[in-house]
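# Coordinates in review
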Amino acid sequence: MPVTAWAAAAACLSGAATLLLTPAMIKAAHAFDWLDYPQADRWHATPTALMGGVAMYGAGALALLFLGPLAGVGMGVGLIGGGATLLFAVGMIDDLWGVGPTTKLAAQVGAAVLLMAAGHGFGPEWPLWASAPVTLVWVIGITNAVNLLDNMDGLAAGIGGIAAVALTALAAAGGALPAALLGGTVGGAALGFLWFNAKPARIFMGDCGSLVLGYGVAALAVMGQGAVAAGPGVAVLAPICALAVPILDTTLVTVGRTQAGRPVTNGGQDHTSHRLVTLGLSESAAVGTLHGMGAVAGGVGLTALVVEPTLFYAACAFGTVALGVIGGSLGRLDVYRAARVGGDGAPSESTSPSSNAQAGQGRWQTVAAYLVGDGLLIGGALAAAHALVGSAGLTGAPDVPIVEGVLLVGAIQLVVLYAMGLYRRLWRHAGTPGIARIVGTILLAQVAAAGGLVLVYGLGAVSAPLLMVDGVILTLGVLGSRLGRRGLQRGASLYRSRAAPAESTSNVLLYGTGEQAMLALRALRDAEEMDRVPVGFVDPDPSKQDQIVQGLPVFGGTGACADLCREHDIDEVIVAVGDAAADREQEVARQCAEVGVACRSFDVQINPLGAGRKNSTRGEPMPGPPA
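Calculation notes
- Residues numbered from 1 in each chain as written.
- Predicted model: local features only at pLDDT ≥ 70, side-chain atom pairs only at ≥ 80, totals over all residues.
- Heavy atoms only, no water.
- Helix = DSSP H or I, 4+ residues; strand = E, 2+ residues; numbered from the N terminus.
- Buried < 20%, exposed > 50% of the residue type's maximum accessible area, 1.4 Å probe, protein only.
- Contact = heavy atoms within 4.5 Å.
- Areas by Shrake-Rupley, 256 points an atom, 1.4 Å probe, with all protein chains shown as cover.
- Phe/Tyr/Trp six-rings, centres within 6.5 Å; stacked < 30°, edge-to-face > 60°.
- UniProt positions renumbered as here; feature names shortened; annotations may be inferred.
- Polar contact = N/O pair within 3.5 Å; in protein donor to acceptor, adjacent residues only side chain to side chain.
- Pairing = 2+ DSSP bridges.
- Salt bridge = Lys/Arg side-chain N within 4 Å of Asp/Glu carboxyl O.
- Axes fitted to C-alpha atoms, helices over the stretch in contact; angles between N-to-C directions.
- Parallel < 35°, antiparallel > 145°, perpendicular 65-115°, else oblique.
- Left-handed = near helix turned anticlockwise from the far one by under 90°.
- Nonpolar A, V, L, I, M, F, W, Y, C, P; charged D, E, K, R; others polar.
- Core = buried A, V, L, I, M, F, W, Y, C linked by side-chain atoms within 4.5 Å.
- pLDDT = per-residue confidence, 0-100.
- Expected span 1.5 Å × (residues − 1).

## Section: the overall build of the chain
- Helix and strand counts for the chain come out as 22 helices and eight strands.
- Looking at the chain as a whole, 48% of its 627 residues qualify as buried.
- Sequence-distant contacts in the chain: of pairs separated by 6 or more residues, those separated by 24 or more amount to 75%.
- Accessible surface computed for the chain: about 27,900 Å², of which carbon and sulfur atoms make up 65%.

## A word on the packing of aromatic side chains
- Throughout the structure, instances matching the rule amount to six aromatic pairs.
- Judged by centre distance (4.2 Å) and plane angle (5 degrees), the rings of Tyr-57 and Phe-88 are stacked. Of the two residues, Tyr-57 sits in helix 2 (residues 52-71) while Phe-88 sits in helix 3 (residues 75-96), which places them 31 residues apart along the sequence.
- A relative accessible area of 12% places Phe-88 in the buried class.

## Section: the UniProt feature "binding site: Mg(2+)" (unreviewed entry) in the chain
- Residues annotated by UniProt as "binding site: Mg(2+)" (unreviewed entry) correspond here to Asn-147 and Asp-207. Across 61 residues of sequence, these annotated residues stay compact in space, with a maximum C-alpha separation of 6.9 Å.
- Not counting the four nearest positions on each side in its chain, Asn-147 is found in contact with Asp-207, Ser-210 and Leu-211.
- In this structure the side chain of Asp-207 is engaged in a polar contact, spanning 2.9 Å, whose partner is the side chain of Asn-147.

## What to know about the sheet that holds strand 3 (residues 506-511)
- As summarised here, the arrangement of the six strands in space is 5-6-4-3-7-8, forming an open sheet in which the pairing is mixed. The open sheet has two edge strands, strand 5 (548-549) and strand 8 (598-601), and neither has a second partner.

## Here we look at the pairing of strand 7 (residues 572-575)
- Side chains Glu-572 and Ile-574 of strand 7 all project onto a buried face; the interleaved residues Val-573 and Val-575 project onto the opposite face, where all are buried too.
- For strand 3 and strand 7, the ladder comprises four bridges, and the chain directions are parallel. Paired with Tyr-511 across the two strands is Val-575, which belongs to strand 7.
- For strand 7 and strand 8, the ladder comprises four bridges, and the chain directions are parallel.

## Notes on the environment of Asp-546
- With respect to the helices and strands, Asp-546 occurs in the loop between strand 4 (532-538) and strand 5.
- Residue Asp-546 is classed as exposed on the basis of its relative accessible area, which comes to 68%.
- For the pair formed by Asp-546 and Gly-556, sequence separation is ten residues and the distance between their alpha carbons is 7.1 Å.

## A few points about the pattern of salt bridges
- All told, the structure shown has eleven salt bridges when counted by the stated rule.
- As a salt-bridge pair, Lys-104 and Asp-94 come within 2.9 Å of each other at their nearest N and O atoms. A residue pair is termed long-range when its members are at least 10 positions apart, and Lys-104 in helix 4 (residues 101-117) and Asp-94 in helix 3 qualify at ten residues.
- Judged by its relative accessible area of 18%, Lys-104 is buried.
- In this structure Asp-94 comes out as buried when scored by relative accessible area, which is 16%.
- Measuring nitrogen to oxygen at the nearest pair gives 3.3 Å for the salt bridge that ties Glu-283 to Lys-199. Of this pair, Glu-283 sits in helix 12 (residues 283-302) while Lys-199 is found in the loop between helix 7 (177-197) and helix 8 (207-225), placing the two residues 84 residues apart along the sequence.

## Quick look at the packing of helix 12 against helix 13 (residues 309-331)
- Packing of helix 12 against helix 13 leaves a shortest axis separation of 10 Å and a crossing angle of 160 degrees. When the axes of helix 12 and helix 13 are compared, the pair comes out roughly antiparallel. Classified by chirality, the crossing of helix 13 by helix 12 is left-handed. Across from Met-293, Val-300 and Gly-301 in helix 12, the residues of helix 13 making contact are Phe-312, Ala-315, Leu-323 and Ile-326.
- A class-by-class count of the residues in the contact of helix 12 with helix 13 yields six nonpolar, one polar and no charged.

## Looking at unusual backbone geometry
- Across the junction of Lys-199 and Pro-200, the peptide omega takes the value -5 degrees, indicating a cis bond.
- When you line up the elements, Pro-200 lands in the loop between helix 7 and helix 8.
- Despite not being glycine, Asp-33 shows a phi value in the positive range, around 60 degrees.
- Topologically, Asp-33 is positioned in the loop between helix 1 (3-31) and strand 1 (35-36).
- Judged by relative accessible area, which is 44%, Asp-33 ranks as partly exposed.
- Within the chain, Asp-569 stands out as a residue other than glycine whose phi angle is a positive 55 degrees.
- Within the secondary structure layout, Asp-569 lies in the loop between helix 21 (561-567) and strand 7.

## Observations regarding the packing of helix 5 (residues 128-149) against helix 8
- Relative orientation of the contacting elements helix 5 and helix 8 amounts to 135 degrees, with a least axis distance of 8 Å. Between helix 5 and helix 8, the crossing angle belongs to the class labelled oblique. Read as a crossing pair, helix 5 and helix 8 show a hand that is right-handed. Only Asp-207, Ser-210, Leu-211, Leu-213, Gly-214, Tyr-215, Val-217, Ala-218, Ala-221 and Val-222 of helix 8 make contact with helix 5, whose side of the interface consists of Trp-138, Val-139, Ile-142, Thr-143, Val-146 and Asn-147.
- Its residues placed into classes, the contact of helix 5 with helix 8 shows eleven nonpolar, four polar and one charged.

## Focus: the nonpolar core
- One finds Ile-80, Leu-115, Trp-138, Leu-181, Tyr-215 and Val-217 to be the most contacted residues of the largest nonpolar core, which totals 80 residues.
- The element contributing the most residues to this core is helix 8, with twelve residues.
- With residues up to four places along the chain from it excluded, the contact list for Ile-80 reads Leu-115, Ala-118, His-120, Leu-182, Tyr-215, Ala-219 and Met-223.
- Core analysis: the next-biggest nonpolar cluster, separate from the first, contains 27 residues, Ala-383, Leu-417, Leu-453 and Ile-473 among them.

## A word on the confidence of the model for the chain
- Of all residues in the chain, 85% attain a pLDDT of 70 or more, and the chain-wide mean is 83.
- When mean pLDDT is taken per element in the chain, helix 1 scores highest with 96 and helix 15 (residues 353-356) scores lowest with 40.
- Note that pLDDT drops below 50 for residues 338-361; the model gives that stretch 38 contacts with residues more than four away or on any other chain.
- Below pLDDT 50 for its whole length, residues 616-627 participates in 19 contacts with residues either more than four positions away or in separate chains.

## Some points on helix 3
- Compared with an ideal rise of 1.5 Å per residue, which puts 22 residues at 32 Å, helix 3 spans 31 Å between its outermost C-alpha atoms and is within 8% of the ideal.
- The complete set of buried residues in helix 3 reads Val-77, Ile-80, Gly-83, Ala-84, Leu-87, Phe-88, Val-90, Gly-91, Asp-94 and Asp-95.
- In the core, the buried residues of helix 3 are packed alongside helix 2, helix 4, helix 5, helix 7 and helix 8.

## Concerning the side chain of Ser-14
- Positionally, Ser-14 belongs in helix 1.
- Overall, the relative accessible area of 0% leaves Ser-14 in the buried class.
- One polar contact links the side chain of Ser-14 to the main-chain carbonyl oxygen of Thr-185, over a distance of 2.8 Å.
- With sequence-adjacent residues up to four places away left out, Ser-14 is seen in contact with Ala-59, Gly-60, Ala-63, Thr-185, Gly-188 and Ala-189.

Right, here's the structure in full:
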């Protein structure tokens, strides 16, 4: 039977068994009081059944015990199953009575040793002295990463299941039967459990499930490396891609807690999922976003099977930069403010969005992060351009050493980017001048790189088509890295604008669509306190009505304000048209008073600072809507 068929059979059997066993575990958990009660550092608000990992482990064991002998897999899978059993036992004890981190670590080390004893190590062609410690760190890291990711309904089960599917596809494509069988088992159990664990969760997997799931995908990533045979490093990078989301989450939590002066091992609501909710997404949207990121990352890993290695390297480089932009943007959110109010021993000093991710971080570290990111973009752009253009070498000449050519071009381009001030600017509010500066800088960098190649290797070393394609790709990459944070904020703002507002928010109607209205919209969307949700515009110009401006509709003219307030449940109207339209402001204020809606004016003023300065209601911060 084909390897793919064995994987599918394992997934179906494991998934079906999980669907049958989980309801029984829900009943047992309530009967024996195996419940996870709400706590300050947990996300759920009601007591929820625990021990779902028992159903997952039982289903997986059943599938392997039944299909393993039929498929002819022997001691190798049995040793890995022994590692999973060890972690299941420790996790179950932890769920029921609690165990210390040292005991968990010892169990993870034992499970990693069993994986290596089965003949699997990180880096198929690496020597044992290099492979063994990396395998140990990998298994411990990924096992804990998935365990930490189990912080919202359906998150760990979905991410683990998606990763298992991608890793199983890699193994099956390479004909690795043991890995494919194990992958089908892990993926089926995780996705079967997701039916009961998705919001609102009826049961949690607990440590007895998350530790086993984490170990399962970590082992799959190691086993699948031997099945990928395409280019140096591809066998290692492809499985890592499938686990990009757990790696991002663990990195973000570790860095964030270290900078905030918090113990890394303590729980908290500072994971990637929690930060997405802080950004304005609902819990379901945050989990769905991470599921989507996991699927994309797994898809990037699978491209190793269908594209040449240089394109795969480029995809990995661009993906790493994208994850860095996402992580950097989420890391700036102040997720520890509520904890400080609760008095749980967190630092008393402010960790605001602008300082939270940069506390203790000097300018040189920021520049270093930019240099690393741009280095990845430069290498990825060159690799992609070479694959697309089909030149004999990365510089266009077969007699130029590839590594030397890449280092020379990359060094020249980085020097130009630095000299042109791309590392001395704040890009959060960059507009057209900033975009033009990036485009001009990349053009200059390409000219300088061509000149450097000519000086070192001669005129024949320059490939004009390759440098043109490289310039286009690099421009897009640098623009994305600089404007990515702004794009994430705008995307979250659009989501908040379109989603049903919470009880604590107010619907805002903006009067005007000019520059001042755009400033007001940006102020509302960039505000740390998300208590106002803009839902649309009103503008007296008939040509602008029924249009879409910055993702929001222009509903109608001045005379429709009262009706629009009633129709769209508006709590507040903000007039942003300037002093030239005082008569319109009065008409809007009259209509707002008619329907009992707060009406305020948005203005930008430069006033002298001094003791004799007059108070101005137009310069006051916009308060919330009336009670």
